[in-house]
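Topology and contacts: notes
As a plain string of letters, each chain reads:
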Amino acid sequence: MKAYLISITLLVTLSACGPSHHKGGESVVPAAPSAKPDSRMLEKAPIAGYDANTEQSGNSTNPSPVRDTTKKIVKSGTIQFEVGNINGARKKILQSLKKYGGYVDEDNQTTNSDINRKEYNLKISIPAQYFDFLVDSVSASADKVDTKNISITDVTTQYIDMKTRLDNKKILENRYLELLKKGTKISDLLEIENKLTEIRSDIESSQGQLNYLNKQIAYSSLDITFYTKATTQNIDDLFTNKFKTSISNGWDFLKNLFFGIISIWPLLIIAGIIYWMFKSWRRRRRVKQTE
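Residues numbered from 1 in each chain as written. Predicted model: local features only at pLDDT ≥ 70, side-chain atom pairs only at ≥ 80, totals over all residues. Heavy atoms only, no water.

1. A short note on the overall build of the protein chain
- Counting its secondary structure elements, the protein chain contains 8 helices and 7 strands.
- Across the 291 residues of the protein chain, 25% fall into the buried class.
- Sequence separation of at least 24 residues holds for 79% of the intrachain contacts in the protein chain that already meet a minimum separation of 6.
- When the accessible surface of the protein chain is split by element, carbon and sulfur atoms take 58% of a total near 21200 Å². (Helix = DSSP H or I, 4+ residues; strand = E, 2+ residues; numbered from the N terminus. Buried < 20%, exposed > 50% of the residue type's maximum accessible area, 1.4 Å probe, protein only. Contact = heavy atoms within 4.5 Å. Areas by Shrake-Rupley, 256 points an atom, 1.4 Å probe, with all protein chains shown as cover.)

2. Focus: helix H3 (residues 86–99)
- Its 14 residues give H3 an end-to-end C-alpha distance of 20 Å, which sits within 8% of 20 Å, the value for a rise of 1.5 Å per residue.
- Among the residues of H3, Ile86, Ala89, Ile93, Ser96 and Leu97 are the ones counted as buried. Buried positions in H3, seen along its axis, are confined to an arc of 100 degrees and lie on one side of it. For H3, the exposed residues set more than 90 degrees away from the buried face come down to Lys91, Lys98 and Lys99.
- At the N-terminal boundary of H3, the capping side chain belongs to asparagine 85, with an oxygen 3.5 Å from the backbone nitrogen of asparagine 87.
- Looking one or two places after H3, you find glycine 101, whose phi comes out positive at around 80 degrees. (Expected span 1.5 Å × (residues − 1). Arc of directions from axis to C-beta. Polar contact = N/O pair within 3.5 Å; in protein donor to acceptor, adjacent residues only side chain to side chain.)

3. Remarks on the sheet that holds strand S3 (residues 73–83)
- Strand order in the open sheet formed by 5 strands is S4-S5-S7-S3-S6, with mixed pairing between adjacent strands. Of all strands in the sheet, those with a lone pairing partner are strand S4 (103–112) and strand S6 (144–154), marking the two edges. Within the sheet, the average angular offset between the axes of one strand and its neighbour, ignoring direction, is 10 degrees.
- With 8 bridges connecting them, S3 and strand S7 (residues 219–228) associate as parallel partners. The partner of phenylalanine 81 across the bridge, within S7, is phenylalanine 226.
- The strands touched by H3 are S3, S4, strand S5 (117–127) and S7; relative to S5, the strand with the most contacts, the crossing angle is about 5 degrees.
- Its contacts with the sheet place helix H6 (residues 186–218) against S3, S4, S5 and S7, and it is angled at close to 55 degrees to S7. (Pairing = 2+ DSSP bridges. Axes fitted to C-alpha atoms, helices over the stretch in contact; angles between N-to-C directions.)

Here is the structure:
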C-alpha cells in the first residue's frame, strides 16, 4: 500500500514538471496559418463600418473613419436695386466684401446710351457665416430694392454620402496595397496594379467633387445688380436723342440711296438703251400698221 502511494506521488510530480500549454491561467491554442487573401474576396467583402484592427492580414492599424454628421448648408442669393450714387454704392459693397473676407468672381459694367444710365453687376463669394450681414449691408445702401431672392439648401445627406464613398474607396485601396506587398506571381501583381489605378482614379474624382461641395458650403454666392435712378432729365434727353437719331438716320438713308444709284450707272445706261430700242420698234410697227 505504501509503495502504491509513492508511485501515485511520483506520477503527479512528473506531470507538474512536464511541458505545459497553460499561461496565466488561460489555455493557449496554436494559431492556424492564415490563408493568403484573394483580390476577388476583397471586392465582395462589405466595406461600410470596416475596422482595420480586426483585419486578418494583421499588420494594418488604420482607424475606422469618423463620420462628420454636422449640418451642411449651401446659401446663395440675388439682389437687384436702384441707387442714386452708383459709384458710392459700388465702393461701399467692395469695402464690406473686404471686411468680411469675401472676393469678387465677376465685375461687369454696362451703360444704357439711350438714357445715359450706368449699371453694375457683381458676382461675389462671401464666407457663409457673414452672408446675412452682407445682404443686410447691401440692402441698406439701396434707394429701392426691386428683387431679393435667397436660397438655402441642406446638403448634409449628399455630403455624408460622398464622404462615405470616398472613405470606403481609400480603405479598399489600402487592402490592395497589402495584397501588393504579399504578391509573388507577376500576373497577380499586374492585376492588383490595374485595380489600384482604377481605384485611385475614382478617389481623385470623388475628392474633387467633395472639395467643390466643401467650397460651396464654406462660401456663399451673391449676385448683385444695381443701377442709377431714372430722372425727368433722363427722359427728356431720351426724346431729344431719339429725334436727333431719326433725323440723322433719314439723311444717311438718302445719301446711301444717292451713292447706290450712282454706283450702278452702267446698268442704268444699258437699261436706257434697251428702253429706247423698244420704243423705236413700237413706233415703226404702228407706222407699218397704218400704211
